[in-house]
Amino acid sequence: MSQTCPCGTGLDYNDCCGRFLDQGAYPQRADLLMRSRFTAYVRRNRTYLIKTWHPDTCPALTENDLNGTEWLTLEVITHHSGLKKATVEFKAWYQTPQGAQCHHERSLFKKVKNRWVYLNPIAE
Ligand SMILES: [Zn+2]
């Protein structure tokens, strides 16, 4: 079954975040990890979100946390990457009774055991 990936690349899901969520591949760049995490929110894939969260900051994510929000689209604005740290600025749109709202964040990612993981939002 073919469907466009929710993360905004325009690619087919199976050629995009599906490789990471369903096929066991791991994103080699923080911006790809960011996209795949957005897709995991859309698809309510709790296991993937925990797997890609830094263990020091990963919350006790419940099914309820994921069911509360209907995510719409993602826009990755900037991506800066070093060897061990990366930042990704993005806008993620979600549905509310008052219309679409935007979550704007600059996120910090770290490389742990050779894998990028999400650490936390960066305070402005
Ligand atoms: Zn994708």
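Conventions and cut-offs
Residues numbered from 1 in each chain as written. Predicted model: local features only at pLDDT ≥ 70, side-chain atom pairs only at ≥ 80, totals over all residues. Heavy atoms only, no water. Phe/Tyr/Trp six-rings, centres within 6.5 Å; stacked < 30°, edge-to-face > 60°. Helix = DSSP H or I, 4+ residues; strand = E, 2+ residues; numbered from the N terminus. Buried < 20%, exposed > 50% of the residue type's maximum accessible area, 1.4 Å probe, protein only. Lys NZ or Arg CZ within 6 Å of the ring centre and 35° of its normal. 1 Å grid on protein atoms, 1.4 Å probe; cavity = no way out; pocket = protein on both sides within 12 Å on 5 of 7 lines; lining within 4 Å. Points joined across faces, edges and corners; volume = space filled by probe spheres on them. Donors = N, O, S within 2.8 Å, 3.2 Å for Na, K, Ca; no water. Tetrahedral: all angles 85-135°; square planar, octahedral: opposite > 155°, others 65-115°. Pairing = 2+ DSSP bridges. Axes fitted to C-alpha atoms, helices over the stretch in contact; angles between N-to-C directions. Contact = heavy atoms within 4.5 Å.

Going by an unreviewed UniProt entry, the chain carries the name YchJ-like middle NTF2-like domain-containing protein and comes from Reinekea blandensis MED297.

Engineer: How would you summarise the packing of aromatic side chains if you had to cite specific residues and measurements?
Structural biologist: Counted according to the given criterion, the structure contains five aromatic pairs. Geometrically, the ring pair formed by F38 and W71 is edge-to-face, given 6.1 Å between the ring centres and 75 degrees between the ring planes. Placement of the pair is F38 in helix 2 (residues 30-42) and W71 in strand 1 (residues 70-81), with a sequence separation of 33 residues. On the basis of relative accessibility, which here comes to 3%, the residue F38 falls in the buried class. Consider the rings of Y41 and W71, whose centres lie 6.0 Å apart with planes at 55 degrees: the pair is tilted. Taken together, the residues span a long stretch of sequence, with Y41 in helix 2 and W71 in strand 1 at a distance of 30 residues. Given the relative accessible area of 22%, Y41 is considered partly exposed. What links up through ring pairs into an aromatic cluster is the set F38, Y41, W71 and Y94. Above the plane of the ring of W53 lies R37, whose end atom (NZ or CZ) is 4.5 Å from the centre.

Engineer: Could you give an account of the layout of surface pockets, naming the residues involved and the relevant values?
Structural biologist: Of the voids in this model, the largest pocket is the one considered here, and its volume is about 240 Å³. Forming the boundary of the largest pocket are M34, R37, F38, Y41, W53, W71, F90, A92, H103, E105, S107 and Y118. Secondary structure elements with two or more residues in the lining of the largest pocket: helix 2, strand 2 (85-96) and strand 3 (99-112). Sorting elements by how many residues they give to the lining of the largest pocket places helix 2 first, with four residues.

Engineer: Residues and numbers for the coordination of the zinc ion, please.
Structural biologist: Only C5 (SG), C7 (SG), C16 (SG) and C17 (SG) from the protein reach the zinc ion as donors, at distances of 2.3 Å. Because the angles between the four donor atoms bound to the zinc ion fall within 103 to 118 degrees, the donor set is best described as tetrahedral. Positions of the donor residues of the zinc ion, expressed as sequence spacing, correspond to C-x1-C-x8-C-C. One end of the pair, C7, is in the segment before helix 1 (18-21); the other, C17, is in the segment before helix 1, with ten residues separating them in the sequence. Note on accessibility: C7 and C17 belong to one class, buried.

Engineer: Give a description of the sheet that holds strand 2 that names residues and reports values.
Structural biologist: Read from one edge of the open sheet, four strands run 1-2-3-4, paired in antiparallel fashion. The sheet terminates laterally at strand 1 and strand 4 (115-121), the two strands that pair on one side only. Geometrically, the sheet is characterised by an average inter-axis angle of 30 degrees between neighbouring strands, direction not taken into account. Where strand 1 and strand 2 come together, ten bridges link them in antiparallel fashion. Paired with E75 across the two strands is K91, which belongs to strand 2. With respect to the sheet, helix 2 is in contact with strand 1, strand 2, strand 3 and strand 4, its orientation differing from that of strand 1 by roughly 170 degrees.

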